[in-house]
Amino acid sequence: MSETLTWEKWSSFSQNRYLEEVQQFLKVGSVAQKKAYFEAHYKGIAAKKGIVSAFAAFLAAILL
């Protein structure tokens, strides 16, 4: 065989996985969308914790 065989030639997988991953997140505004999503998510968690702590304080005031 005079031709050298390389992995890239015969592989069904791309060798630039990093570049493929970057291409997924290159959409304009994707960072802002993710930021807004996580801010809303954690605000909801904080609100739930606030309700629980307020309820616990209410119960403590009633029971004491």
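Residues numbered from 1 in each chain as written. Predicted model: local features only at pLDDT ≥ 70, side-chain atom pairs only at ≥ 80, totals over all residues. Heavy atoms only, no water.

Visitor: For this particular structure, what's the right way to read the confidence of the model for the protein?
Guide: Detailed conclusions should not be drawn from predicted coordinates in areas where pLDDT is low. In this model, the protein carries a mean pLDDT of 80, and residues with pLDDT of at least 70 account for 77%. When mean pLDDT is taken per element in the protein, helix α3 (residues 30-63) scores highest with 90 and helix α1 (residues 7-10) scores lowest with 60. (pLDDT = per-residue confidence, 0-100. Helix = DSSP H or I, 4+ residues; strand = E, 2+ residues; numbered from the N terminus.)

Visitor: It is not clear to me how the packing of aromatic side chains should be interpreted in this structure. Could you clarify?
Guide: Aromatic rings considered in pairs are described by the distance between their centres and by the relative angle of their planes. Under the criterion given, the structure shown has 2 aromatic pairs. Centre to centre, the rings of Y37 and F38 are 5.1 Å apart; their planes meet at 80°, and the pair counts as edge-to-face. The interplanar angle of 25° and the centroid separation of 6.4 Å between the aromatic rings of F38 and Y42 together place this pair among those described as stacked. Highlighted residues: F38 and Y42, both in helix α3, separated by 4 residues, approximately one helical turn. The partly exposed category is assigned to F38, whose relative accessible area is 41%. Grouped by ring-pair contacts, the aromatic residues Y37, F38 and Y42 constitute a single cluster. (Phe/Tyr/Trp six-rings, centres within 6.5 Å; stacked < 30°, edge-to-face > 60°. Buried < 20%, exposed > 50% of the residue type's maximum accessible area, 1.4 Å probe, protein only.)

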